[in-house]
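# A closer look at the structure
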Amino acid sequence: MMRSRRLIYIALAFFFICLTPAGAQMEEKTYMHKGNKDFVQKKYANAEVNYRKTLEQNPSNTRARYNLGNALLFQQKPKEAMKEYETAARQERNPRYKSMMYHNMGVILQSQKQFGPAIECYKESLRNNPSDNQTRYNLALCQYQLKNQKNNGQNKQQNKQNKQQNKNKQQQQNKQQQQRNKQQQQKSSMSKDNADQMLRAAEMKESRTQDKVRRALQHSSRKQLDKNW
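Residues numbered from 1 in each chain as written. Predicted model: local features only at pLDDT ≥ 70, side-chain atom pairs only at ≥ 80, totals over all residues. Heavy atoms only, no water.

## What to know about the confidence of the model for the protein
When the pLDDT values of the protein are averaged, the result is 82; 79% of them are 70 or greater. Here residues 1-11 is modelled with pLDDT under 50, and outside its nearest four sequence neighbours on either side it reaches 16 contacts, counting other chains as well. (pLDDT = per-residue confidence, 0-100. Contact = heavy atoms within 4.5 Å.)

## Digging into unusual backbone geometry
A positive phi angle is found at K42, which is not glycine, with a value near 65°. The class of K42 is exposed, set by a relative accessible area of 63%. One non-glycine residue with positive phi stands out, namely Q76, at about 60°. Relative to the helices and strands, Q76 is located in the loop between α4 (62-73) and α5 (78-91). Given the relative accessible area of 67%, Q76 is considered exposed. (Buried < 20%, exposed > 50% of the residue type's maximum accessible area, 1.4 Å probe, protein only. Helix = DSSP H or I, 4+ residues; strand = E, 2+ residues; numbered from the N terminus.)

## Considering the packing of helix α6 (residues 95-111) against helix α7 (residues 115-128)
Interaxial distance between α6 and α7 falls to 8 Å at its minimum, and their mutual angle equals 165°. The orientation of α6 relative to α7 falls into the category roughly antiparallel. Judged by the sense of rotation from one axis to the other, the crossing of α6 with α7 is left-handed. Here P95, K98, S99, Y102, H103, M105, G106, V107, L109 and Q110 of α6 come into contact with α7, specifically with F115, P117, A118, C121, Y122, E124, S125 and N128. Among the residues making up the contact of α6 with α7, the classes are represented as 10 nonpolar, six polar and two charged. (Axes fitted to C-alpha atoms, helices over the stretch in contact; angles between N-to-C directions. Parallel < 35°, antiparallel > 145°, perpendicular 65-115°, else oblique. Left-handed = near helix turned anticlockwise from the far one by under 90°. Nonpolar A, V, L, I, M, F, W, Y, C, P; charged D, E, K, R; others polar.)

## Considering a positive patch on the surface
Together, K205, R208, K212 and R215 line one region of the surface with positive charge. A relative accessible area of 56% means that K205 is categorised as exposed. (Patch = residues over 30% accessible without salt bridge, like charges linked within 9 Å, V, L, I, M, F, W, Y side chains within 5 Å. Areas by Shrake-Rupley, 256 points an atom, 1.4 Å probe, with all protein chains shown as cover. Salt bridge = Lys/Arg side-chain N within 4 Å of Asp/Glu carboxyl O. Lys, Arg positive; Asp, Glu negative; His and termini not counted. Charge placed at Lys NZ, Arg CZ, Asp CG, Glu CD.)

## Some details on the pattern of salt bridges
Counted by the stated rule, this structure contains five salt bridges. Salt-bridge contacts for R65 lead to E84; the nearest nitrogen and oxygen are separated by 2.9 Å. One end of the pair, R65, is in helix α4; the other, E84, is in helix α5, with 19 residues separating them in the sequence. By relative accessible area, R65 is classed as buried at 13%. Each member of the salt-bridge network shares a partner with another, and the members are E48, R52 and K77.

## Overview of the nonpolar core
Ranked by internal contacts, the top residues of the largest apolar core, which has 34 residues, are Y51 and Y85. Every element with two or more residues in this core is listed here: α2 (26-40), α3 (44-57), α4, α5, α6, α7 and α8 (133-228). With eight residues, α6 is the single largest residue contributor to this core. (Core = buried A, V, L, I, M, F, W, Y, C linked by side-chain atoms within 4.5 Å.)

## Notes on the state of the cysteines
Applying the stated rule across the entire model yields zero disulfides. With no disulfide of its own, C121 has C142 as its nearest cysteine by sulfur position, at a separation of 9.4 Å. You can call C142 buried: its relative accessible area is 0%. (Disulfide = S-S within 2.5 Å.)

## Description of the packing of aromatic side chains
If you walk through the whole model with that rule in mind, you get four aromatic pairs. When the ring of Y44 is compared with that of F74, the centres are 5.0 Å apart and the planes differ by 35°; the resulting orientation is tilted. With Y44 in helix α3 and F74 in the loop between α4 and α5, this pair connects stretches of sequence that are 30 residues apart. Three or more aromatic residues joined by ring pairs make a cluster, and in this case those are F39, Y44 and F74. (Phe/Tyr/Trp six-rings, centres within 6.5 Å; stacked < 30°, edge-to-face > 60°.)

Given below as structure tokens:
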């Protein structure tokens, strides 16, 4: 069952918030409204501008800051979006909205394969809203991915160790083979030297034998001549 979950895309949970604190100035409401309108029309850069203007009027407007994070995220600016979510989560007092902020923080971290921190964000989201099934699903998936990441890391480490051991073994075998070759060469050299010595000895012996034969022949010839004479 969990294997099939891995194939499901982790959707960003966007919760559209258009409320502002009671008693806020009209200008703040105007910018917030414009930002929401731009966001719905997928004009995320314009929405970002208007949310920032809203925050200029009221820096403690956590809903505007949350929406600013969403606008940044949809512009592929996860790092900047994360900062806005973190600030909003620290200031927000409503558990439901706080849960949304931590949920999106978890999505960003999970997409970056930072599964450990993502799990903590999802847990914090569920503490504030235990009935959020989307967060619960993402948490389960993230825990599964973290387990796989650890297993893969262990496998890579084991493969690295095996590779190093094989390399060391091969180097040792090469070294032993080189030593055997060297010994064989020395043995062959010694055998050649012995053969050369034996050949020289045989040649010298043959030369001495021939000298003896020549002397013997010469002596015999002299005797023969003496007798005939």
